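Examination of the molecular architecture
The lines below spell out each chain.
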Amino acid sequence: QVQLVESGGGLVQPGGSLRLSCVVFGSITRINAMGWYRQAPGKQRELVATITSGGDTIYTDSVKGRFTISRDNAKNTVYLQMNSLQSEDTAVYYCNANIGVFRRNDYWGQGTQVTVSS
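So, here's what we can say about the structure.

Conventions used here
Residues numbered from 1 in each chain as written. Predicted model: local features only at pLDDT ≥ 70, side-chain atom pairs only at ≥ 80, totals over all residues. Heavy atoms only, no water. Helix = DSSP H or I, 4+ residues; strand = E, 2+ residues; numbered from the N terminus. Rg over C-alpha atoms; globule rule 2.2 N^0.38 Å. Contact = heavy atoms within 4.5 Å. Areas by Shrake-Rupley, 256 points an atom, 1.4 Å probe, with all protein chains shown as cover. Lys, Arg positive; Asp, Glu negative; His and termini not counted. Charge placed at Lys NZ, Arg CZ, Asp CG, Glu CD. Disulfide = S-S within 2.5 Å. Buried < 20%, exposed > 50% of the residue type's maximum accessible area, 1.4 Å probe, protein only. Pairing = 2+ DSSP bridges. Axes fitted to C-alpha atoms, helices over the stretch in contact; angles between N-to-C directions. Phe/Tyr/Trp six-rings, centres within 6.5 Å; stacked < 30°, edge-to-face > 60°. Lys NZ or Arg CZ within 6 Å of the ring centre and 35° of its normal. Core = buried A, V, L, I, M, F, W, Y, C linked by side-chain atoms within 4.5 Å.

This paragraph deals with the overall build of the protein chain. Counting its regular elements, the protein chain contains 0 helices and 11 strands. Going residue by residue from the N terminus, the α and β elements of the protein chain occur as β-β-β-β-β-β-β-β-β-β-β. Against the compact-globule benchmark of 13 Å for 118 residues, the protein chain has a radius of gyration of 14 Å, which places it among compact chains. Taken along the three principal axes of its C-alpha coordinates, the protein chain extends 45 × 25 × 25 Å. The contacts in the protein chain between residues at least 6 apart in sequence include a share of 54% that link residues at least 24 apart. Of the roughly 6,500 Å² of accessible surface on the protein chain, a fraction of 46% belongs to carbon and sulfur atoms. Where the 11 positive side-chain charges of the protein chain centre and where its 8 negative ones centre are 5 Å apart.

Moving on: the state of the cysteines. Going through the model one piece at a time under the given rule, you end up with 1 disulfide. Paired by a disulfide, Cys22 and Cys95 hold their sulfur atoms 2.1 Å apart. Between Cys22 and Cys95, the disulfide has an S-S torsion of -80° and is therefore left-handed. Of the two residues, Cys22 sits in strand 3 (residues 18–26) while Cys95 sits in strand 9 (residues 91–99), which places them 73 residues apart along the sequence. The exposure classification of Cys22 matches that of Cys95, with both residues buried.

With burial as the criterion, only one face of strand 7 (residues 67–72) is covered, namely that bearing Phe67, Ile69 and Arg71; the residues Thr68, Ser70 and Asp72 on the opposite face remain uncovered. Both strand 7 and strand 8 (residues 77–82) contribute to a ladder of 6 bridges, which runs antiparallel. Residue Ser70 lies in a different strand from strand 8, and its bridge partner there is Tyr79. Connecting strand 7 to the antiparallel partner strand 8 that follows it, the hairpin turn spans 4 residues, and Asn76 within it adopts a positive phi of roughly 50°.

As a further point, take the sheet that holds strand 3. Read from one edge of the open sheet, 4 strands run 1-3-8-7, paired in antiparallel fashion. The open sheet has two edge strands with one neighbour each: strand 1 (2–7) and strand 7. Going across the sheet, the axis of each strand differs from the next one's by a mean of 15°, ignoring polarity.

Scanning the model with the defined rule gives 1 aromatic pair in all. With 5.0 Å between their ring centres and 65° between their planes, Tyr37 and Trp108 make a pair best called edge-to-face. Within this pair, whereas Tyr37 is found in strand 4 (residues 31–39), its partner Trp108 is found in strand 10 (residues 105–108), the two being separated by 71 residues in sequence. What makes Tyr37 partly exposed here is its relative accessible area of 21%. Over the face of the ring belonging to Tyr94 we find Arg45, whose NZ or CZ atom lies 3.8 Å from the ring centre. A cation over an aromatic ring shows up here: Arg45 above the ring of Trp108, its NZ or CZ 4.7 Å from the ring centre.

Before going further, it helps to examine the nonpolar core. In this structure, Trp36, Leu80, Met82 and Tyr93 are the most contacted members of the largest nonpolar core, which totals 29 residues. Counting residues per element, the ones that place at least two in this core are strand 1, strand 3, strand 4, strand 5 (46–51), strand 7, strand 8, strand 9 and strand 11 (112–116). Sort the elements by how many residues they give to this core and strand 9 lands first, with 5 residues. With residues near it in sequence (within four places) discarded, Tyr93 still touches Glu6, Leu20, Trp36, Tyr37, Arg38, Val48, Phe67, Leu80, Met82, Gly111, Thr112 and Val114.

Here you go:
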């Protein structure tokens, strides 16, 4: 069993910052890529950022320069530092981890709400 537990969401004013964390628990062979996705009301889930086990990162254009994804492999944890938050960033944020060696599976967290509002 593998479980992803997210934390760090909340309500923040425009221009503010939040840091999301996601810890992977359970029977883990190898964690490959990890990432953050988000889903706003009435919209499809979209990729925010991903990071490989070696630290290579990809960001969606709308968050470049404002968000930073990082990971601590020793703690099985991925982070998303979000700065200069805008109302358009309001969404439920989901953590994703690709786990396995020969057989790889994607696992998801339960989601954490981020609301940017004055």
